Amino acid sequence: MKDTVGEKWFYAFNYVILSIIGLSCLLPLVHLFALSLSNNAAIVSGSVTLWPIGWNVESYNKLFFGTRILSGFQNSLVITIVGTVLNMIFTICCAYPLSRKFMYGRKFFTLAIIFTMLFSGGLIPSYLVVKSLGLIDTYGALWLPALVSVYNMLVMRSFFMGLPEEIEEAARMDGASEMGLLLRIILPLSMPVMAALVLFYAVSHWNSFFNVMIYINSTAKYNVAVLVQQMIQSQTVLQDVANQSPEDLNSVTEESIKAAGVFVMTVPMLIVYPFLQKYFVKGVLIGSVKG
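Just so it is clear, the structure is predicted and the values come from calculations on it, not from any experiment.

Okay, the overall build of the protein next. Within the protein one finds 15 helices and zero strands. For the protein, restricting intrachain contacts to residue pairs at least 6 apart in sequence, the fraction spanning at least 24 positions comes to 70%. In the structure as shown, the protein presents an accessible area of about 17300 Å², 70% of it carried by carbon and sulfur atoms.

The structure is reproduced here in structure tokens:
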């Protein structure tokens, strides 16, 4: 059936509103990018809006070679990749048994796990536990306490429970073991939810700030989020750059270096998301049950 005139106007109105909301989220990032590429005079005068004035790339040169941002990137990649892999492994290992009807006591274990989402010991007991395990100043202090997100586990458990039982019964009749059923049937059908949880976990690890400040003492192990935050709060960014290359100090401003740092920290997740979004659609097609 063709859309009526009222429906067309309704869709057009929705597209306009959603476009405005999307642009409102994108404009601050565009402004930072323009600020990071503008010359000193334009930045000082406050004339930079959404387009660079002067096209000066020295801010990125000083950011990468005059600060510790590259080591922070390396640390962030280690924290994010290893942490996300561990999160997915343990989330699957927790969600799959709780989704099986034949598991004895699954309601009790589910309620016990949900209890930890509603009530926790607090910051000081958590720190004492991590310290007693000897994980202070190691990345294990970031990975172990957040090994399984209760919310993400419940999402994956609900997805597992929603899969047709006929597929599992057919696999069992073909002689599939419980591990074979999980690896060859359940997980391939669960690609949409797995892609979503990978994104949630990866963004959480990449933007990890508070836990790094609490558990990591060595500045050499700081991730890019902490380094950028320190850079924004610091009033000696130009002095740190001057220690590396004092002859080029007049080519950048403190604001342009800070803007470049925030933009560089944000870009990796913006690059990864479109690929995962495409994978969402692919996973839905793979996971759909054809009649």
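From this point, the discussion proceeds with the structure in view.
Looking now at the packing of helix H4 (residues 69–99) against helix H13 (residues 224–233). The interhelical angle for the contact between H4 and H13, taken along N-to-C directions, is 145°, at an axis separation of 7 Å. On H13, the residues that touch Ile69, Gly72, Phe73 and Ser76 of H4 are Val224, Leu227 and Val228. A class-by-class count of the residues in the contact of H4 with H13 yields five nonpolar, two polar and no charged.

Another aspect to go through is the packing of aromatic side chains. Under the counting rule described, the total for this entry stands at nine aromatic pairs. Consider the rings of Trp51 and Trp55, whose centres lie 5.7 Å apart with planes at 80°: the pair is edge-to-face. Under the relative-accessibility criterion, Trp51 is labelled exposed at 59%. When the centroid spacing of 5.5 Å and the interplanar angle of 70° are considered together, the rings of Phe108 and Phe109 count as edge-to-face. Phe109 sits in the partly exposed class, given a relative accessible area of 40%.

Another aspect to go through is helix H1 (residues 5–36). Given a rise of 1.5 Å per residue, 32 residues ought to cover 46 Å, and the 46 Å separating the end C-alpha atoms of H1 matches this to within 8%. Along H1, the helix axis deviates most sharply at Leu26, where the bend reaches about 35°; the proline Pro28 sits within four residues downstream.

This part is about a nonpolar patch on the surface. A cluster of nonpolar side chains, contributed by Leu77, Val78, Ile81, Val82, Val85, Ile89, Phe90 and Val148, occupies part of the molecular surface with about 620 Å² of accessible area. With respect to the element layout, Val82 can be found in helix H4.

Further remarks concern unusual backbone geometry. Positive phi, close to 65°, is recorded for Asp137, a residue that is not glycine. Its location among the elements puts Asp137 in the loop between helix H6 (123–132) and helix H7 (140–143).

Moving on, we get to the environment of Asn56. Examined against the element boundaries, Asn56 turns out to sit in the loop between helix H2 (40–45) and helix H3 (58–66). A distance of 3.1 Å separates a polar side-chain atom of Asn56 from the backbone nitrogen of Glu58.

In this section: the pattern of salt bridges. One pass over the structure, following the stated rule, counts four salt bridges. Between Glu58 and Lys62 there is a salt bridge whose closest N-O contact spans 2.5 Å. Taken together, the positions of Glu58 and Lys62, both in helix H3 and four residues apart, correspond to about one turn of that helix. Note on Glu58: relative accessible area 23%, which makes it partly exposed. A salt bridge links Glu178 to Arg172; its shortest N-O distance comes to 3.0 Å. When its relative accessible area of 30% is taken as the criterion, Glu178 is described as partly exposed. Judged by relative accessible area, which is 34%, Arg172 ranks as partly exposed.

Next up on the list: the nonpolar core. Counting residues in hydrophobic clusters, the biggest one holds 21 residues, and the most contacted among them are Met156, Phe160, Ile186 and Met194. Listed by contribution, the elements that provide at least two residues to this core are H4, helix H8 (150–162), helix H10 (178–189) and helix H11 (191–206). If near-sequence neighbours (up to four positions away) are discounted, Ile186 is found in contact with Tyr96, Phe160, Leu163, Glu168 and Leu181. The next biggest cluster of nonpolar side chains, apart from the first, holds 18 residues, and it includes Phe73, Met231, Val252 and Met265.

Rules and cut-offs
Numbering of residues starts from 1 in every chain and runs along the sequence as written. Two thresholds apply to this predicted model, a pLDDT of at least 70 for residue-level local features and 80 or more for giving and counting side-chain atom pairs, whereas whole-chain, interface and lining totals are computed over all residues. Heavy atoms from the whole structure form the basis of all side-chain values; hydrogens and water molecules are not counted. Helix and strand assignments follow DSSP, with helices taken as H or I runs no shorter than four residues and strands as E runs no shorter than two, numbered in order from the N terminus. We call two residues in contact whenever any of their non-hydrogen atoms come within 4.5 Å of each other. Surface exposure here means Shrake-Rupley accessible area, sampled with a 1.4 Å probe, where a residue is shielded only by the protein chains that are shown. For helices, the fitted axis covers only the stretch in contact; all axes are lines through C-alpha atoms, and the angles between them, taken along N-to-C directions, range from 0 to 180 degrees. Put simply, Ala, Val, Leu, Ile, Met, Phe, Trp, Tyr, Cys and Pro go in the nonpolar bin, Asp, Glu, Lys and Arg in the charged bin, and everything else, Gly too, in the polar bin. Here a pair means two rings of Phe, Tyr or Trp (six-membered ring of Trp) with centres within 6.5 Å. Their orientation is stacked below 30 degrees between planes, edge-to-face above 60, and tilted elsewhere. Three labels apply to residues, based on accessible area from a 1.4 Å probe with only protein chains included: buried if under 20% of the type maximum, exposed if over 50%, partly exposed otherwise in between. Here, expected helix span is obtained from the residue count minus one, scaled by 1.5 Å. Two axes enter the bend calculation: one fitted to the seven residues ending at the residue in question, the other to the seven starting there, and the bend is the angle between them. Like-charged residues are merged into a patch within 9 Å and nonpolar side chains (Val, Leu, Ile, Met, Phe, Trp, Tyr) within 5 Å, provided each residue has over 30% relative accessible area and no salt bridge. Salt bridges are identified by distance alone: a Lys or Arg side-chain nitrogen within 4 Å of an Asp or Glu carboxyl oxygen. Any pair of N or O atoms that falls within 3.5 Å is considered a polar contact. Within protein, one atom must be able to donate a hydrogen and the other to accept it, and sequence-neighbouring residues count only if both atoms are side-chain atoms. Residues grouped as a nonpolar core are buried Ala, Val, Leu, Ile, Met, Phe, Trp, Tyr and Cys residues, joined through side-chain atoms within 4.5 Å.

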